[in-house]
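Descriptive structure summary
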Amino acid sequence: MATFLYLLSRAAFRRRRLVAMIWLALLACAAVGASMASSNVTSSFSLPGTEAQKAVGLVESRFPGSSPEGAVAQIVLKTPASEKVSDAVRKATVKDLVGELRSTSDEVATVSDPYAGNTVSPDGSTTFVSVTYKNPPGSLSEATLQSLDDVASDARESGLTAEVGGTALQAAPEPGIGEVIGVVIAAVVLVVTLGSLVAAGLPLLTAIFGVGVGISTIAALASTFDLGSTTSTLAMMIGLAVGIDYALFIVSRYRAELAEGHDREEAVGRAVGTAGSAVVFAGLTVVIALVGLAVANVPMLTKMGFAAAGTVVIAVLIALTAIPALLGFAGRRVSPRTPGRAAQKPNGGVRWARFVLRRPVTVLTVGLLGLGVIAIPAASLQVGLPDDGSQPVSTTQRKAYDLLSESFGPGSNGPLIVVVDGDREAAAATRATLQDMDGVASVSAATVNKAGDTATITVVPQERPSSIATEKLVHSIRDTTDGHVLVTGTTAMNVDFSQRMNDALVPYLTLVVGLAFLLLMLVFRSVLVPLKAALGFLLSVAAALGAVVAVFQWGWLGSLFGVEQTGPIMSMMPIFMVGVVFGLAMDYEVFLVSRMRESYVAGDRPGTAVVTGFQHGARVVTAAAVIMIAVFSGFIGSSEPMIKMIGFGLAIAVFIDAFVVRMAVVPAVLALLGHKAWWLPRWLDRLLPDVDVEGEKLRARLRPASEEIPPKDPDEKRQLSRV
């Protein structure tokens, strides 16, 4: 591995113009494909094998022309004080609005008549008009959304209070100032770390370039593969963070090789041959984690994982090829100002490593206790999906949600659709059963299809859609009725989604940790180091989930992060954090511990190897972690609750994993294990292929025979004989 990357990077350095042209051509092709792709992307959400999805399929087949998966908008209308929506003037206004909605767009499937459906509040002051569209949420045209806004504006001009809610208003999150601030902070950290504007600009430039290629490719394929707007946001979030980090590790190692006196081409080869090997395996762990999301069997999540994994692959390829080419263009402007001086003076990483080696038990105890305390809230984790009640109070969606809750009860924001696969008598019997159930606010009359063999009944729960009581009601209806009665609707779909996520968590965790464990055994030629890495990751995830629960579910410091409404944690958050955080956590493990392994293989004692790893890696890993935290924190300012929660969760997870687990727990454990940390059974050593991540074969190839350094003691010699 190291030798191949050494030769590849030197070739890229020598033929830098060709390499640059190839990458520019790839970006141009992706940009052209994105510009030619359809802007009206239909993004559907489905849960194969669930009851809610079966009910959707039944409605589509038995009610021709219906749109059970279509976006829904609710225009909530409230009259001024002392007036009623049943007044002649107000009734005429509402009727005109209904007619206007039916004629505004070809995407409209149905528009309800609030008077025919008797959707008027008990006090007569409020009603709502439901609009069902042919296309799913997030895929409506700008013209359709604008017409919806125009209708609401007309209602306001007539003297009514009008607010719009529902899934129709779901749109791609707009880039905000937070993301820009995150990139600016990353740039500042790079300048401080590398001490050169040119050196700092390379990781930032290549990361943005890689994200551009990835996002453009996703946009070009969005229509073909049904990729939603959140897919691009996730790919940008992950791609930008790892792209900067991978380039930073290569550039830092390149500068270190220059400081050793190597010429620029040789320094590029040695940097990519060693740090580049770590980049490849770190990238593989992220890819495994993201692709493994397919275990959940949720098409939307699978596509998000594959798209983000593709962006990570691009980041790795850029680090291995474009960075050497750009270093060739940069010339001496990337060189360290004082070659060799840094190696003579102990830096902060060395001082910290020596402190941990002197007090490993104390550091380990404090670290584990701290993580345990932070993880305590995770024990009360409640999962669900956010609704309009979690939107900022200034938005029309939140105002519509609050108006419906005040006038019709909180359950009106998430009615359940009960589908009866039977005749009118079965529908009537089912309706009678539903009316007697606890937690039900109201039950509509059954709507029977033309064939008379299927009916739909709308059930309004007493509690809000994301509440535990509503989730119990869904399960209660399913348990009480027979197999010919199915429950669907947005709320039921969310319940099934949460259940699917819970069921997939353990298999996914087993798959990802298992594959990564094998991968890390290849990298470190050890059993205990990968085991320690996996256990440390679990501590990071547990503590990060505890912090997410404390902020978004309990409301602690919620106002600081713009959380205006607490509630259940997004159901995909645990499995998503397991995947993404595991990949990112292994980045730091590989980059930090690979330098320790490199030192140990070269003949240093275990304690010396730990110090060497921190001497060369602590500053860079710290900078990489700060950059990732800055990038992820930038998304906390998003108005989309899901993006806000993901940004916070990933930022706090990186902070915990980098600065507590990798910087404190890992060296403490290695100090206590000593030589045992690098133990590998002889039979397993012979079975595993030697990928030479630490570059020992490369150094042996490049080192003159007179410079061969023997192991320092017999124990180390025995260890090295098995490498």
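Here's a quick rundown of the structure. (Residues numbered from 1 in each chain as written. Predicted model: local features only at pLDDT ≥ 70, side-chain atom pairs only at ≥ 80, totals over all residues. Heavy atoms only, no water.)

1. Details of the pairing of strand 9 (residues 455–461)
Along any regular strand, the residues point their side chains to alternate faces of the sheet. Burial of strand 9 is extensive: six of the seven residues sit out of reach of the surface. Across five bridges, strand 6 (residues 416–420) lies against strand 9 in antiparallel orientation. Note that in strand 9 the partner of Val419 across the bridge is Thr456. Here strand 7 (residues 440–443) pairs with strand 9 via three bridges, running antiparallel. Bridge pairing links Val443 to Val459 in strand 9. The antiparallel hairpin formed by strand 8 (residues 447–448) and strand 9 contains six residues in its connecting segment, where Gly452 sits at a positive phi of about 75°. (Buried < 20%, exposed > 50% of the residue type's maximum accessible area, 1.4 Å probe, protein only. Helix = DSSP H or I, 4+ residues; strand = E, 2+ residues; numbered from the N terminus. Pairing = 2+ DSSP bridges.)

2. Considering the pattern of salt bridges
Inspection of every chain in the model, using the stated rule, returns 19 salt bridges. As a salt-bridge pair, Glu265 and Arg10 come within 3.0 Å of each other at their nearest N and O atoms. Taken as a pair, Glu265 in helix 9 (residues 264–291) and Arg10 in helix 1 (residues 2–14) lie far apart in primary sequence, 255 residues in all. Exposure remark for Glu265: the relative accessible area of 17% places this residue in the buried category. The salt bridge partner of Arg478 is Asp496, with a shortest N-O separation of 2.6 Å. One end of the pair, Arg478, is in helix 16 (residues 468–480); the other, Asp496, is in helix 17 (residues 490–524), with 18 residues separating them in the sequence. (Salt bridge = Lys/Arg side-chain N within 4 Å of Asp/Glu carboxyl O.)

3. Points about the sheet that holds strand 1 (residues 72–78)
With respect to topology, four strands assemble into an open sheet ordered 2-3-1-4, the strand pairing being antiparallel. At either margin of the open sheet sits one strand with a lone partner, and together these are strand 2 (108–111) and strand 4 (161–165). Averaged over all pairs of adjacent strands, the angle between strand axes in this sheet comes to 20°, irrespective of strand direction. Where strand 1 and strand 4 come together, five bridges link them in antiparallel fashion. From the neighbouring strand, Ile75 faces strand 4, where its bridge partner is Val164. Sitting on the sheet, helix 4 (residues 88–104) is in contact with strand 1, strand 2 and strand 3 (126–133), with an inclination near 160° to strand 2. Lying on the sheet, helix 5 (residues 142–157) is in contact with strand 1, strand 3 and strand 4; it crosses strand 4 at an angle near 160°. (Axes fitted to C-alpha atoms, helices over the stretch in contact; angles between N-to-C directions. Contact = heavy atoms within 4.5 Å.)

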